[in-house]
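Understanding the architecture of this molecule
Single-letter residue listing:
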Amino acid sequence: MLVRLGGATDVLVAGGGPVGLAVAIGLRRFGVDCAVVERHDSALDFPKGRRVTVRTMEILRQWGLEPAVAEVALERAESLFAYRGATLLAEDYVRQEVPDPGDRHPASPTQEVICSQERLEPILLEAARAAGARIWQGTELAWFRAGEESVEAGVVERASGESRTVSCQWLVGADGSQSRVRAELGVDWAPVGPGGDRVSILFWSPLKERMADRLAGAYYLSQPGPGTTVGAVDNAEHWLLLTEHDPTRPFDRREAERLVRAAVGDDEVPVEPLQWRFWRRQAALAERFALGRVALAGDAAHVTTPLGGLGMNCGVADAHNLAWKLAMVVAGSGQGALVATYEEERRPAAAATVEASLGAARPPAPIDGIVLGAVYDSAAITPDGTAPPAVEDPVGDYIPTARPLNPRPPRGPLHAPLRARRCDQLGTGRCRGRPPRRPPRHHRHRGPGLLRGLRPLEKRRGARPPRRLRRSAPPGPGGPRPRAPRPRAPAGPRSRPRPEPLSGPAPVHPSTADCRTRTRKRGPALS
């Protein structure tokens, strides 16, 4: 494995989850060489991060991944409902429709979907590899030293323990809430809300027939404890239980089965816990998103609660914002100060997202304002003097506006894929921006001025302006005088006498005769 590691690259990404892979895809779209270090040997096999918002689907649409994600997503008719009851099979329950941003706002050609991370991540992994990114699975970042011009990092293969040194221009830490990159930078968390220990249990249970009239995208229960949530994996046999957990008590398969049966509400229904993971519910924001040649993205920069399913989507927006800026600096079209605007733009948006995850984004509450209404204010954006639209609910209300917002990178051939609107309205999956065409060669010159590189047609040697542009006036007073006809020389004897016509057949060149003969021999006989 390590025979392919080491060396140099433009950007090194620590973390191969959805955010790290999104950074790699964004960089490769601009031709930036990049490598991704991922400590796990394969993609995630545990459901999490199920909500894919409209804005994230717009980004995936730019990358040509929207159809693949929509194909593996939960059936749309079921994802537009939220269930509330004591248990999954309780007699008394409420099935409430969730507002759909795609239906209310035709400004976006995409729609929100429910797609678990274990289904989304393989699509991103395949796309990153197909784009040319180097994915080093089973390796992790051990250390790094950031200088003024470059970054040196140590990469360790977990299976063998062998290590190599990688030299890069930029380092992106997308290695989760326990980020080594953030810890090495000395960046602390700024807690936003209270935390708590939780457990997620993936279980099997054939509940589709019993729940045919109550299928939803998320199920909010009061058993086995307050704040319990069951997420639909396939709404047939696989489900994800999220509930409180006491870390001082032992946890085994029997305890997992007890919690699952309490959430289902019927002891006669067969259940089987498949996997479980412990985690801590918290809402926090990193004090810095970028320092020197190192940037943080995703859970390494901000952590949200599961309410609203905003965490992964906020991370993909980080990657989308950071990728084009790094590409511009690597290509020499921008300065390092451009990367500093990543923190100026994304940290306020992430702070609002973290705050919304404490309760304001709980379904069925709309989240259009958080998803589509981000307002950026940085040195990379020239204000137009207008104020942002006033909304009563910044989490749920979204008012379309033409102010300089995200994403709007500087113009130029490098940023043609992002220069148009957020995404196209024609259903092609590509933006309408195109690099400016170079003028024809005979129209270019090296003269100074604003029109450098363009030469008017009438200034070319031997060229005449079009007839419709020639000056003309009727003859008469004030008009041009009619020109006198040019005198012609009298006809005289020709300088060379005309040759006399030859008698007989015209002579034929030998080479021509040979060709005709060969042609006749090859051609078919005519009757």
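In the block above lies the structure referred to throughout.
Here's a quick rundown of the structure. Given the structure is predicted, the values throughout are model-derived calculations rather than measurements.

Calculation rules
Residues numbered from 1 in each chain as written. Predicted model: local features only at pLDDT ≥ 70, side-chain atom pairs only at ≥ 80, totals over all residues. Heavy atoms only, no water. Helix = DSSP H or I, 4+ residues; strand = E, 2+ residues; numbered from the N terminus. Buried < 20%, exposed > 50% of the residue type's maximum accessible area, 1.4 Å probe, protein only. Contact = heavy atoms within 4.5 Å. Areas by Shrake-Rupley, 256 points an atom, 1.4 Å probe, with all protein chains shown as cover. Pairing = 2+ DSSP bridges. Axes fitted to C-alpha atoms, helices over the stretch in contact; angles between N-to-C directions. Parallel < 35°, antiparallel > 145°, perpendicular 65-115°, else oblique. Left-handed = near helix turned anticlockwise from the far one by under 90°. Nonpolar A, V, L, I, M, F, W, Y, C, P; charged D, E, K, R; others polar. Polar contact = N/O pair within 3.5 Å; in protein donor to acceptor, adjacent residues only side chain to side chain. Expected span 1.5 Å × (residues − 1). Salt bridge = Lys/Arg side-chain N within 4 Å of Asp/Glu carboxyl O. Phe/Tyr/Trp six-rings, centres within 6.5 Å; stacked < 30°, edge-to-face > 60°.

Each helix and strand in the protein was counted, giving 13 helices and 18 strands. The burial tally for the protein puts 45% of its 527 residues in the buried class. For the protein, the share of sequence-separated contacts (at least 6 apart) that also reach a separation of at least 24 residues comes to 70%. Of the accessible surface of the protein, which amounts to about 29,200 Å², a share of 51% is contributed by carbon and sulfur atoms.

In this section: the sheet that holds strand β12 (residues 218-221). In spatial order, the strands read β5-β4-β12-β13-β14-β11-β15-β18; together these eight strands make up an open sheet with mixed pairing. With one partner strand each, in any of the chains shown, β5 (93-97) and β18 (302-303) form the two edges of the open sheet. Note: strand β11 (residues 189-204) against strand β14 (residues 238-244), seven bridges, orientation antiparallel. The residue of β14 that forms the bridge with Arg198 is Glu244. Strands β11, β15 (272-286) and β18 of the sheet are contacted by helix α10 (residues 336-356), whose axis makes an angle of about 125° with β15.

What follows deals with the packing of helix α1 (residues 18-29) against helix α6 (residues 117-131). Interaxial distance between α1 and α6 falls to 9 Å at its minimum, and their mutual angle equals 30°. Classified by the angle their axes make, α1 and α6 are roughly parallel. Crossing angle aside, the handedness with which α1 passes α6 is left-handed. Contacts between α1 and α6 pair Pro18, Leu21, Ala24, Ile25 and Arg28 from the former with Gln117, Glu121, Leu124, Leu125, Ala127, Ala128 and Ala131 from the latter. Here the contact of α1 with α6 is built from residues that sort into nine nonpolar, one polar and two charged.

The topology assignment puts Arg51 in strand β3 (residues 51-52). Note on Arg51: relative accessible area 10%, which makes it buried. Side-chain polar atoms of Arg51 contact the backbone oxygen of Gly308, separated by 2.9 Å. Arg51 has contacts with Glu112, Val113, Ile114, Gly308, Gly309, Met312, Asn313, Pro363 and Ile367, leaving out every residue within four places of it along the chain.

A word on helix α8 (residues 253-264). Each α-helix winds once per 3.6 residues, and so residues spaced three or four apart point in a common direction. Across its 12 residues, α8 extends 16 Å between first and last C-alpha, which sits within 8% of the 16 Å expected from 1.5 Å per residue. Burial in α8 covers these residues: Glu255, Ala256, Leu259, Val260, Ala263 and Val264. Those residues of α8 hidden inside the fold are in contact with β11, β12, β14 and β15. Residue Asp252 occupies the N-cap position of α8, its side-chain oxygen lying 3.3 Å from the main-chain nitrogen of Arg254. Of the residues one or two after α8, Gly265 is the one with positive phi, at around 95°.

Across all of its chains, the model carries 14 salt bridges by this definition. Between Glu257 and Arg261 there is a salt bridge, with the nearest N and O atoms lying 3.2 Å from each other. Placement of both Glu257 and Arg261 in helix α8 is noted, with a separation of four residues, approximately one turn of the helix. Among the residues examined, Glu257 registers a relative accessible area of 28% and is labelled partly exposed. Relative accessible area serves as the criterion here: at 21%, Arg261 is assigned to the partly exposed category. Measuring nitrogen to oxygen at the nearest pair gives 2.6 Å for the salt bridge that ties Arg346 to Asp318. Note that Arg346 is positioned in helix α10 and Asp318 in helix α9 (residues 311-330), a separation of 28 residues in sequence. We note that Arg346, like Asp318, is buried.

This part takes up the packing of aromatic side chains. For the coordinates displayed, the defined rule picks out six aromatic pairs. For the pair Phe251 and Phe278, a centre-to-centre distance of 5.2 Å together with 85° between the ring planes defines the contact as edge-to-face. Of the two residues, Phe251 sits in the loop between β14 and α8 while Phe278 sits in strand β15, which places them 27 residues apart along the sequence. What makes Phe251 buried here is its relative accessible area of 18%. Overall, the relative accessible area of 45% leaves Phe278 in the partly exposed class. The interplanar angle of 40° and the centroid separation of 6.2 Å between the aromatic rings of Phe289 and Tyr342 together place this pair among those described as tilted. Highlighted residues: Phe289 in the loop between β15 and β16 (290-291) and Tyr342 in helix α10, separated in sequence by 53 residues. The same class applies to Phe289 and to Tyr342, which are both buried. Counting every residue linked through ring pairs, the aromatic cluster contains Tyr83, Tyr93, Tyr219 and Trp239.

Bear in mind that shape data such as this cannot, by itself, settle questions of function.
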